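Observations on the three-dimensional arrangement
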Amino acid sequence: MYLKAVILAGGFATRLRPLSCSRPKALFPIVNKPLLQWIFEGLAANEITEVILAVNALTQFHIKQQKPPKCGLKIKYAIDPPKTPLGTAGAIKITEKIAKYEEPFIVLNGDIFTEVNYKQLMDTHVKTGALATIALHKVEDPSRYGVAELEKGNRIKNFIEKPTKEQAPTNLINAGIYVLDPKIFNYIPIDRQCSIEREIFPALAKEHKLFGHINEGLWMDIGTPIEYLRTNKIILDKLKEKNNLKTPKNLEIKKPVAIDKKVTIGEKTIIGPYTVLGKNVTIGDRVQIHNSIIFPDTKIGDNTKINGAIIGENAIIGKNVQINNGCIIADQAKIKDNINLTNEFAVCPAKEVSETILKRNVIC
Ligand code: GTP
């Protein structure tokens, strides 16, 4: 079998700003490994051999810089034209000439962490003779997603974007993973932005050519800071058994935690639970970090407390600092000594904070 997959990764990740100002969503680390690498591993384990990355030029640049391992996959790029994002369907359209599909192919959003069985999804697609098959995932509250109304035989009767919880016909949401027949290209216009979820799927549902496949496996969307933290937490729990970290003297590690290479930690410091420390992070004495993600090369001063926050790459956090409750400190930002930040406070890349700000705010 020679299966191809398109990864959609050319969006602007506005909901993950300011961390996404300097890296695309697909390269956000999940427990110290870029999301794209997790995705490549999942595809390679399901007999996919070729991947087309549908990206913009800046995202391509970041991926080529970071070089996540290709896991044996043949990688090609389909680049959105400058200044004009094509939308999800438009981005799939430009892969047509690059991939020359002869068989159904897989498409997935580059911002989801999943253990979906792509082979089973493909089998459902072939059996039903669908033009498109959407992986569906059960959630408690479907109101933030596209919700599928199913008929007998898993045909999708209707597709409703973001209904209220009460109006949602099911709790089965579009998981952002599809199998498409090459005939799909007849439905996508060439010369304008087009969304597969909002335009193409509703049209296919009307023609009875859209089917669903319920995915029972793990599925998470990393689109917002809360979801990104949650995804890391769930993966930390999953990896807990494998992680045999030895605790050095004068230091308390509360599992689950993930600590990458070349991390330095001072005395009487408490790390965890649910903490990820990236490569080359330096932490002072008597520091407490829990439920947080610290990206590589960041320095954290003595007596600082971090709880429920994400700290970007190469940031400098001073002494006696407190960072709490959903705060995001972007790459290369500097937080001076004795500062308190809370309530989803966000600091843009390379900015300096020199006074305590307790209200919800952004420093740009
Ligand atoms: P937000 O701005 O936070 O909504 O994020 P986003 O637009 O990057 O992501 P969204 O969830 O809306 O899109 C789903 C997936 O499609 C993501 O992996 C995006 O990177 C990708 N995507 C969205 N729009 C485009 C586009 O115009 N071109 C390409 N190549 N990919 C896109």
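Our structure is the block above this text.
Residues numbered from 1 in each chain as written. Predicted model: local features only at pLDDT ≥ 70, side-chain atom pairs only at ≥ 80, totals over all residues. Heavy atoms only, no water.

The next point concerns the overall build of the protein. Helix and strand counts for the protein stand at seven helices and 32 strands. For 364 residues, the compact-globule estimate of 2.2 N^0.38 gives 21 Å, and the protein sits close to it at 22 Å. Projected onto its principal axes, the C-alpha positions of the protein cover 65 × 40 × 40 Å. A separation threshold of at least 6 residues defines the contact pool for the protein, and within that pool the share at least 24 residues apart is 47%. (Helix = DSSP H or I, 4+ residues; strand = E, 2+ residues; numbered from the N terminus. Rg over C-alpha atoms; globule rule 2.2 N^0.38 Å. Contact = heavy atoms within 4.5 Å.)

Read from one edge to the other, the open sheet built from seven strands follows the order β15-β18-β21-β24-β27-β30-β32, with strand pairing classed as parallel. Looking along the sheet, the strands with just one partner apiece sit at the ends: β15 (257-259) and β32 (362-363). Direction of pairing for strand β18 (residues 275-277) relative to strand β21 (residues 292-294): parallel, over a ladder of three bridges. Bridge assignment links T275 to a residue of β21, and that residue is S292. Its contacts with the sheet put helix α7 (residues 225-239) on β15, β18, β21, β24 (310-311) and β27 (328-329), and the angle it makes with β21 is roughly 90 degrees. (Pairing = 2+ DSSP bridges. Axes fitted to C-alpha atoms, helices over the stretch in contact; angles between N-to-C directions.)

Most peptide bonds are trans, and most residues other than glycine sit at a negative phi. The peptide bond linking R17 to P18 adopts the cis configuration, its omega dihedral lying at 5 degrees. Here P18 shows up in the loop between β1 (3-8) and β2 (29-30). Between G272 and P273 the backbone carries a cis peptide bond, its omega angle lying at 0 degrees. Turning to its location among the elements, P273 is positioned in the loop between β17 (269-271) and β18. One non-glycine residue, K268, adopts positive backbone phi at about 55 degrees. Along the chain, K268 turns up in the loop between β16 (264-265) and β17. Under the relative-accessibility criterion, K268 is labelled exposed at 58%. In this model, N280 sits at a positive phi of 65 degrees, which is unusual for a non-glycine residue. Counting through the fold element by element, N280 comes out in the loop between β18 and β19 (282-283). Accessibility expressed as a relative area gives 36% for N280, which makes it partly exposed. (Buried < 20%, exposed > 50% of the residue type's maximum accessible area, 1.4 Å probe, protein only.)

Taken together, 20 residues are adjacent to the ligand, and L8, G11, T14, D80 and G87 come closest. Here an oxygen atom of the ligand and a side-chain polar atom of T14 are 2.5 Å apart. Take G87: an N or O atom from its main chain is 2.7 Å from an oxygen atom of the ligand. Burial of the ligand by the protein amounts to 81% of the accessible area it has alone, namely 620 Å². When residues of the shell around the ligand are traced back to their parent elements, those giving at least two are β4 (48-55) and α3 (87-93). Per-element tally for the shell around the ligand: the top contributor is α3, with three residues. Considered class by class, the residues forming the shell around the ligand number nine nonpolar, seven polar and four charged. (Near = heavy atom within 4 Å. Polar contact = N/O pair within 3.5 Å; in protein donor to acceptor, adjacent residues only side chain to side chain. Areas by Shrake-Rupley, 256 points an atom, 1.4 Å probe, with all protein chains shown as cover. Nonpolar A, V, L, I, M, F, W, Y, C, P; charged D, E, K, R; others polar.)

A few words now on the pairing of strand β9 (residues 146-150). Examined bridge by bridge, β9 and strand β10 (residues 156-161) share five bridges and lie antiparallel to one another. Its bridge partner lying in β10, V147 is registered against I160. Remark: five residues form the turn of the hairpin made by β9 and β10, two consecutive strands paired antiparallel; G153 in that turn has positive phi of roughly 70 degrees.

The subject of this paragraph is the pattern of salt bridges. Taken as a whole and assessed by the stated rule, the structure comprises 15 salt bridges. For E41, the salt bridge is made with K33, and the minimal N-O distance between the two is 3.0 Å. On the basis of relative accessible area, E41 is assigned to the partly exposed category, the value being 30%. Across the pair E50 and K76 runs a salt bridge, and its minimum N-O distance is 3.2 Å. Residue E50 is found in strand β4, and its partner K76 is found in strand β5 (residues 74-79); the two are separated by 26 residues along the sequence. Connected through salt bridges with shared partners, the residues R23, E313 and D331 form a single ionic network. (Salt bridge = Lys/Arg side-chain N within 4 Å of Asp/Glu carboxyl O.)

Time to look at the pairing of strand β6 (residues 105-109). Within β6, five of the five residues are buried, leaving the element largely enclosed by the surrounding structure. Residues of β6 alternate between two faces, with F105, V107 and N109 on one and I106 and L108 on the opposite face, all of them buried. Summarising the sheet, β1 and β6 pair through four bridges and their orientation is parallel. Directly across from I7, in β6, lies its bridge partner L108.

Turning to the side chain of K33, a few remarks are in order. Note on placement: K33 falls in strand β3 (residues 33-34). Ignoring any residue separated from it by four or fewer positions in sequence, one finds K33 in contact with F28, W38 and E41.

Take it as geometry only, folks, not as evidence of what the structure does.
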